[in-house]
Amino acid sequence: MIRNEGLGEKANPRSERMKIIEYDVKYKRQLYDLINQHNKFVPPYVEMSDTEITAILQQPCHYNDLRYPSDGGTTKIYLMVRDDVITCAAQIAFPEQDAYFYWFVVNPAYLDSQDIDMFIAKMKDLCLQNGCQTLGFNRNTFGTGWAGLPDCWEALLENVSSLGFNADDLWEIYWMDGSLPALGNLPIVSVEFEYENPQTIEAGFFIESTKIGEASIWLPSRLSESLNIVGIANLEYFEIYKKHRQKKFGQAALTAIMNKLNKIGFSKLMFWTELDNIAMQQLGIKMGFVKGPVLHWLLCEL
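Here the residue index of a chain counts from 1 through its sequence in written order. Given that this is a predicted model, residues contribute local features only at a pLDDT of at least 70 and side-chain atom pairs are listed and counted only at 80 or more, while totals for whole chains, interfaces and linings are drawn from all residues. Each side-chain value is derived from all of the structure's non-hydrogen atoms; neither hydrogens nor water enter the calculation.

Undergrad: Tell me about the nonpolar core, and name the residues and values.
TA: Membership of the largest hydrophobic core comes to 41 residues, with the highest contact counts inside it found for Phe 101, Phe 104, Ile 116, Phe 137 and Phe 165. The contact definition used throughout considers only heavy atoms, calling two residues in contact when any of these lie within 4.5 Å. Excluding residues within four positions of it along the chain, Phe 165 makes contact with Ile 120, Lys 124, Leu 135, Phe 137, Val 160, Leu 298, Leu 299 and Cys 300. By size, the runner-up hydrophobic cluster in this structure holds 31 residues, among which are Val 191, Leu 269, Phe 271 and Met 280. The nonpolar core is taken to be a set of buried Ala, Val, Leu, Ile, Met, Phe, Trp, Tyr and Cys residues, with the residues joined through side-chain atoms within 4.5 Å. Each residue is assigned to one of three classes by its accessible area relative to the maximum for its type, calculated with a 1.4 Å probe on protein chains only: buried under 20%, partly exposed between the two thresholds, exposed over 50%.

Now the structure itself:
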């Protein structure tokens, strides 16, 4: 969890000068450290190099642009600074109506101050000036398929939720490090990969010539160096057709997917699912996936 740790004593913001500015490169070291400090609490728990962070900040749509058309608008990074110390920072997109944060970080020393409130208020004003009607936490440009604010950032989530943001959707992460459990007596399921682009795979599951299910697998973009090195893919969609369920085909299909991904350098896998999708959660646990944080997609009407 993001707590008041590792940055010395709790700050006293009343005695410090505050300003909210667009990104200045002189704050690069502080900003990059804060980004990594947050991201290392979310699967697969990696830290990014400066080169990787710089590339992603310059192209924050790098992941979704592989699958969806850009929604346009301008993108800017803002910092709240007190006596040259970053207290809050965010990258925000201003499309035509619905603005959203690509990421949002806070200095743990300022979690108990009013800085998050003031920073969010300023972001809302900027959204209104740009003609936007809503502001959301529903993206995260650094992760593997995950988005919004995870509940492992407990204090940040609690602060933001008190500022007019409501949960628009909730998703739960499950992930595995590539160590498949010993599963005996599984049916033989073959998997066929079809590439929409080098990072997007559509998979079909077959018993002999009969198709029994399908999946979408998203690989990290080329900018996500750390995720490519770790070798983690995102299972974006997974379905065993209804008449083929309760026959261990799900376990067999996931095993076939992981074996095939392993051959192209991706030995780890994650998925995120609705809180009420008990069947998918149970399948993940049977396959050795570990439950991760709950992702909160937050939305505020302006």
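Undergrad: Before we move on, can you summarise the packing of aromatic side chains with the specific residues and values?
TA: A pair of aromatic rings is counted whenever rings of Phe, Tyr or Trp (Trp by its six-membered ring) have centres within 6.5 Å, and the orientation is called stacked for planes under 30 degrees apart, edge-to-face for over 60 and tilted otherwise. Taken as a whole, this structure holds 17 aromatic pairs when the rule is applied. With centroids separated by 5.2 Å and ring planes inclined at 80°, the aromatic side chains of Tyr 100 and Tyr 102 adopt a geometry described as edge-to-face. Ring-over charges, as used throughout, are those where CZ of Arg or NZ of Lys falls within 6 Å of the ring centre and within 35 degrees of the ring normal. Positioned over the ring face of Tyr 63 is Arg 67, at 4.6 Å from the centre of the ring. The ring of Phe 193 carries the charged tip of Lys 260 above its face, separated from the ring centre by 5.0 Å.

Undergrad: Tell me what's going on with a negative patch on the surface, and back it up with residues and numbers.
TA: A cluster of acidic residues, Asp 98, Asp 168, Asp 169, Glu 274, Asp 276 and Glu 301, forms a negative patch on the protein surface. Mapped onto the secondary structure, Glu 274 falls in strand S12 (residues 268-274). Each patch is built from residues lacking any salt bridge and having more than 30% relative accessible area; the joining distance is 9 Å for like charges and 5 Å for nonpolar side chains (Val, Leu, Ile, Met, Phe, Trp, Tyr). Note that accessible areas follow from Shrake-Rupley with a 1.4 Å probe, and for residues the cover is restricted to the protein chains shown. Put simply, a salt bridge is a Lys or Arg side-chain nitrogen that is within 4 Å of an Asp or Glu carboxyl oxygen. In this tally, Lys and Arg are treated as positive and Asp and Glu as negative; His is ignored, and so are the chain termini. Where a charge lies is defined by one atom per residue type, namely NZ (Lys), CZ (Arg), CG (Asp) and CD (Glu). Under the scheme used here, helices are H or I runs from DSSP no shorter than 4 residues and strands are E runs no shorter than 2 residues, and both carry numbers assigned from the N terminus.

Undergrad: An account of the pairing of strand S4 (residues 98-106) is requested, with residue identities and associated values reported.
TA: With respect to burial, S4 is a largely interior element, 8 of its 9 residues being buried. Relative to S4, strand S3 (residues 85-94) runs antiparallel, the two being bridged by 6 bridges. Residue pairing across strands places Ile 92 opposite Phe 101, the latter belonging to S4. The turn linking S3 back onto S4 is made up of 3 residues. Pairing between two strands requires that DSSP report at least two bridges joining them. In the sheet, S4 pairs with strand S5 (residues 134-137) via 3 bridges, with the strands oriented parallel. Following the sheet pairing, Ala 99 is matched in S5 by Leu 135.

Undergrad: Please give an account of the side chain of Thr 255 that cites residues and values.
TA: Examined against the element boundaries, Thr 255 turns out to sit in helix H6 (residues 249-262). Residue Thr 255 is classed as buried on the basis of its relative accessible area, which comes to 18%. Here the side chain of Thr 255 touches Gln 251 through a polar contact of 2.8 Å, landing on its backbone oxygen. N or O atoms within 3.5 Å of each other form a polar contact, as long as, within protein, one can give a hydrogen and the other can take it, and as long as residues adjacent in sequence are counted only when both atoms are side-chain atoms.

Undergrad: I'd like to hear about helix H2 (residues 50-58), residue by residue, with values.
TA: It helps to recall that an α-helix has 3.6 residues per turn; residues three or four apart then point in one direction. Those residues of H2 lying buried are Glu 52, Ile 53, Ile 56 and Leu 57. The arc that holds every buried residue of H2, seen down its axis, measures 130°, which confines them to one face. More than 90 degrees from the buried face of H2, the exposed residues found are Thr 51 and Gln 58. Where H2 is buried, its residues contact helix H1 (28-39), strand S2 (74-82), S3, S4 and helix H5 (225-230). The directions considered for the arc run from the helix axis to the C-beta atoms.

Undergrad: How would you explain the state of the cysteines if you had to name every residue and give the values?
TA: Cysteine sulfur atoms that come within 2.5 Å of each other are treated as a disulfide pair. Applying the stated criterion across every chain yields a total of 0 disulfides. Unpaired in this structure, Cys 152 has its nearest cysteine sulfur neighbour in Cys 88, at a distance of 18 Å.

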